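Structural features, examined
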Amino acid sequence: MHATRRAYEERGEAAVRVLADFVVSYRWHVVAIAAAALVFSVFAARGVQPPARSSSAGFSIFPEGHNFNVFAEACSLFGFARSAEAVRVTFVWGLERPRETDPADDEFEINSIDSSPRNPLGARALEETARRLGSKFENPTTPDQERAAVPAFDAAFDATSEEAQAWMLSFCRDLRGSEATARRLKDPNSVVCFAEDVEDATRAGSGGGFGSPMSPERYGAALRRYGRGESNDGAVRWFAPDRPGTPPAPGRGGPTLTNIPADIGGSNEGRVASVAVTAVLRTSSVSSSTAELVAEHEFWEGWFESKLAGAPPGLRGGFQTSPTWTLTETETELVDGAWTALTLSLVFAFVVLLGASRSVRLALLATISVGSSAASLLAAAALLGWTMGVIEAVCTMVLVGLSLDYVLHVAGAYVRTPEADGRRERAKGAVRAVGLSVVSGASTTVGAAVFLLGCTLTFFTKFGLFVAWTLTSSLVQAVVVFPAMCAVWGPEDVERVEGEEDEQEGWRQTHADAR
């Protein structure tokens, strides 16, 4: 066993010596080829974009052509599936807009409303939207529920004034009938407007004698009658006075929110808490591209803001939202976040390499090698037709950290190689000293990743290919490209740390043995 191991080490060391001699001898050729590959990789990597279809391609865990995906594609051909995939926009009044301030902050103002004309719909808005538009508005019993379940109300909201009644009916008519919006709606009947339903129900109940505008008291009663009906799907919610003996919700006094259509405790004096109008669009949340959904969101945001400009004071705090907007923003942030993480990782890698080598020139060369490895993976992803979904974004974010290790070992060996030999001998000695260890480490990891390529789930196959490609590219950069660049432009003298003489003597002996 020991003889076999020793024979393997001798053959490996001999191969590494040949490789070191080759890299230094043909250093200019290696650098030229590496530079051309880097330029090509950078241009090719720009082709990595979000999925062409917003949700299915970026989040599917099964490969293309799998029975699960085939079944989903077949179901999408039916009308009920297309209806379920349609984007639904909800226009809300009575709840505060998503705000930049963290609700958990002690200095958070309950009545502060974000003055920005555009609603932020990032990851933070997931909690905000759930907080405002959950299927149930329940009174919390714990501080965590207080923050997560109770919506934040607009203190200036008033939907019962005569001006508000007239404006809301006008808003629904414009939403359904204006040229700009009608062509974006699935059909005119896809608009669900509580104001029109209340108007029709009031006229029908009075034999056509009553309708808008009504007094605020009469309109509030009409809204409550509508709220108890089956047609109300959370479009109208209101407060009920506190019941005697019932403690207020933690952190909030005053009225509690009635969960429609649950019992309201027999009170007819509650104030309307929020109202909503919904519309179903022609745009599909599945088959539409991310760019199309972003454009759709921007249109409805701008259109609604223009309407709010002419609204009565009690309705100017409205906002529009949709779960599709949040998903679209998430997919866009995946790409932006991946590129940002990659850039920051390269910066931190340079800092780490500078601290390890104590040479700006050596740290720069090593960072170029790490960046080349990262660029090669992104170029391969673009050529393979990958899109920047969840899996690809996660891989990109850890790409630099996985590529740095081997180059860092060779850079450390370059620093510790005796300085009297010059940059060429330094580069050659660095490869000879740690080349076999680096190759051995990379081969075991790549060998383990290869087994993932036979999996069915997309995550495992892509992650296996990511690991195998990244480590292979990093290995080539560490033992071929980086030593060649060091032989051309590496530092001759490297700053030493006090107390390193004993370690340096050991490296001289290792270097002599390798020669």
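Residues numbered from 1 in each chain as written. Predicted model: local features only at pLDDT ≥ 70, side-chain atom pairs only at ≥ 80, totals over all residues. Heavy atoms only, no water.

**Notes on helix α13 (residues 323-357)**
How we decide: Working definition: helices are DSSP H or I runs of at least four residues, strands are E runs of at least two. Numbering for both runs from the N terminus. Here the expected length of a helix is defined as 1.5 Å per residue gap, with one fewer gap than residues.
Counted at 1.5 Å a residue, the expected span for α13 with its 35 residues is 51 Å, and the 50 Å between its end C-alpha atoms agrees. R358 sits one or two positions beyond α13 and adopts a positive phi of about 55°.

**A look at the packing of aromatic side chains**
We apply this condition: Only Phe, Tyr and Trp rings are paired, with Trp represented by its six-membered ring, and only when their centres lie within 6.5 Å; those with planes under 30 degrees apart are stacked, over 60 edge-to-face, the remainder tilted. Classification of residues uses two cut-offs on accessible area relative to the type maximum, computed with a 1.4 Å probe and protein chains only: under 20% is buried, over 50% is exposed, and between them is partly exposed.
Applying the stated criterion across every chain yields a total of 16 aromatic pairs. Centroid distance F91 to F304: 5.0 Å. Interplanar angle 50°. Geometry classified as tilted. Linking F91 in strand β1 (residues 86-93) with F304 in helix α12 (residues 290-308), this pair joins segments that are 213 residues apart in sequence. On the basis of relative accessibility, which here comes to 1%, the residue F304 falls in the buried class. Look at F459 and F460: their rings are 5.4 Å apart centre to centre, the planes differ by 75°, and that puts the pair in the edge-to-face class. The exposure class assigned to F459 is partly exposed, which follows from its relative accessible area of 38%.

**What to know about the confidence of the model for the protein**
Detail in the predicted coordinates should be disregarded across regions flagged by low pLDDT. Our working rule: The predictor's confidence in any single residue is recorded as pLDDT, a number from 0 to 100. Two residues form a contact once any of their heavy atoms are found within 4.5 Å.
Taken residue by residue, the protein gives an average pLDDT of 76. The fraction at 70 or more is 70%. Between the elements of the protein, mean pLDDT differs from a low of 42, seen in strand β3 (residues 256-257), to a high of 94, seen in helix α2 (residues 27-45). Note on residues 100-141: pLDDT is under 50 here. Beyond four places in sequence and across chains, it has 92 contacts.

**Let's talk about the environment of L384**
Within the secondary structure, L384 sits in the loop between α14 (360-383) and α15 (390-397). Taking the relative accessible area as the measure of exposure, L384 reaches 54% and is therefore exposed.

**Let's talk about the side chain of R432**
Put simply, the test is: Under this definition, polar contacts are N or O atom pairs within 3.5 Å; protein pairs additionally need one hydrogen-donor-capable and one acceptor-capable atom, and for neighbouring residues in sequence, both atoms have to be side-chain atoms.
On the secondary structure map, R432 appears in helix α17 (residues 422-450). Judged by its relative accessible area of 16%, R432 is buried. Separated by 2.8 Å, the side chains of R432 and D21 make a polar contact.

**Focus on α15**
Looking at α15, one finds that the buried residues are I391, E392, A393, C395 and T396. Those residues of α15 hidden inside the fold are in contact with α13, α14, α16 (399-416) and α18 (458-489).

**Thoughts on the pattern of salt bridges**
To be explicit about the condition: The working definition used for a salt bridge is a side-chain nitrogen of Lys or Arg within 4 Å of a carboxyl oxygen of Asp or Glu.
Enumeration over the complete set of coordinates arrives at 9 salt bridges. Between R184 and E296 there is a salt bridge, and its shortest N-O distance comes to 2.9 Å. Of this pair, R184 sits in the loop between α9 (179-182) and α10 (194-205) while E296 sits in helix α12, and the two are 112 residues apart along the sequence. For R184, a relative accessible area of 18% translates into the label buried. Note on E296: relative accessible area 7%, which makes it buried. Residues joined in a network through salt bridges with shared partners are D21, E425, K428 and R432.

**Regarding unusual backbone geometry**
In this structure, R358 is a non-glycine residue whose phi angle is positive, near 55°. Looking at the secondary structure, you find R358 in the loop between α13 and α14.

**Concerning the nonpolar core**
Threshold: Among buried residues, those of type Ala, Val, Leu, Ile, Met, Phe, Trp, Tyr and Cys that are joined through side-chain atoms within 4.5 Å constitute a nonpolar core.
In this structure, L362, F482 and C486 are the most contacted members of the largest nonpolar core, which totals 49 residues. Elements represented by at least two residues in this core include exactly α1 (2-25), α2, α13, α14, α15, α16, α17 and α18. When residues in this core are grouped by element, the largest group, 14 residues, is from α18. Setting aside chain neighbours within four positions, we find L362 in contact with S357, A411, Y414, V415, F482, C486 and P491. Grouped together as the second largest cluster of nonpolar side chains are 40 residues, M168, Y226, A235 and L315 included.

**Structural notes on a nonpolar patch on the surface**
Rules: Residues enter a patch when their relative accessible area is above 30% and they make no salt bridge; the linking distance is 9 Å between like charges and 5 Å between nonpolar side chains (Val, Leu, Ile, Met, Phe, Trp, Tyr). Note on areas: Shrake-Rupley with a 1.4 Å probe; residue coverage comes only from the protein chains shown.
A grouping of I61, L457, F459, F460 and F463 is seen on the molecular surface, where their side chains present a nonpolar patch of about 400 Å² in accessible area. Its location among the elements puts L457 in the loop between α17 and α18. Judged by relative accessible area, which is 30%, L457 ranks as partly exposed.

**With respect to empty space enclosed by the protein**
Rules: Residues are said to line a cavity or pocket when one of their atoms sits within 4 Å of a point; the points come from a 1 Å grid over protein atoms alone, cavities being sets where a 1.4 Å probe fits but cannot get out and pockets being open sets with protein on both sides within 12 Å along at least five of seven lines. Grid points are joined across faces, edges and corners, and a volume is the space filled by probe spheres set on the points. Here the nonpolar group is Ala, Val, Leu, Ile, Met, Phe, Trp, Tyr, Cys and Pro; Asp, Glu, Lys and Arg are the charged ones; every other residue, Gly included, is treated as polar.
This model, assessed by the stated rule, comprises 2 cavities of 30 Å³ or more. If you trace the largest cavity, you find it lined by V48, L377, L378, A381, W386, M388, I391, E392, C395, T396 and F466. Mapped onto the lining of the largest cavity, the elements with two or more residues apiece are α14 and α15. Residues of the lining of the largest cavity, tallied by class, amount to 9 nonpolar, 1 polar and 1 charged.

**Focus: the packing of α13 against α14**
Our working rule: For every element, the axis is a line fit to its C-alpha atoms; helices are fit only across the contacting stretch, and the angle between N-to-C directions ranges from 0 to 180 degrees. The scheme is simple: roughly parallel for angles under 35 degrees, roughly antiparallel for over 145, roughly perpendicular for 65 to 115, oblique for anything else. For a crossing to be left-handed, the near helix must be turned anticlockwise from the far one by less than a right angle; the clockwise case is right-handed.
Interaxial distance between α13 and α14 falls to 8 Å at its minimum, and their mutual angle equals 150°. It follows that α13 is roughly antiparallel to α14 by the angle criterion. In the crossing of α13 with α14, the sense of the turn from one axis to the other is right-handed. Here W339, L342, L346, A349, F350, L353, L354 and S357 of α13 come into contact with α14, specifically with V360, L362, A363, L364, A366, T367, V370, G371, A374 and L378.

**Some thoughts on the pairing of β1**
Put simply, the test is: Pairing between strands is defined by DSSP: at least two bridges between the two strands are required.
When you tally the buried positions in β1, you get 7 out of 8 residues, the bulk of the element. Direction of pairing for β1 relative to strand β4 (residues 272-284): antiparallel, over a ladder of 7 bridges. The residue bridging A86 from the neighbouring strand is S284, located in β4. Two strands pair when backbone bridges link them, and β1 and strand β5 (residues 319-321) are joined in this way by 3 bridges, in the antiparallel orientation. Counterpart to V92 in the pairing with β5 is F319.

**What about the environment of V488?**
Secondary-structure assignment places V488 in helix α18. Along the primary structure V488 and R423 are separated by 65 residues, whereas in three dimensions their C-alpha atoms are 7.6 Å apart. With near-sequence residues (within four places) excluded, V488 lies in contact with R27, W28, V31 and R423.

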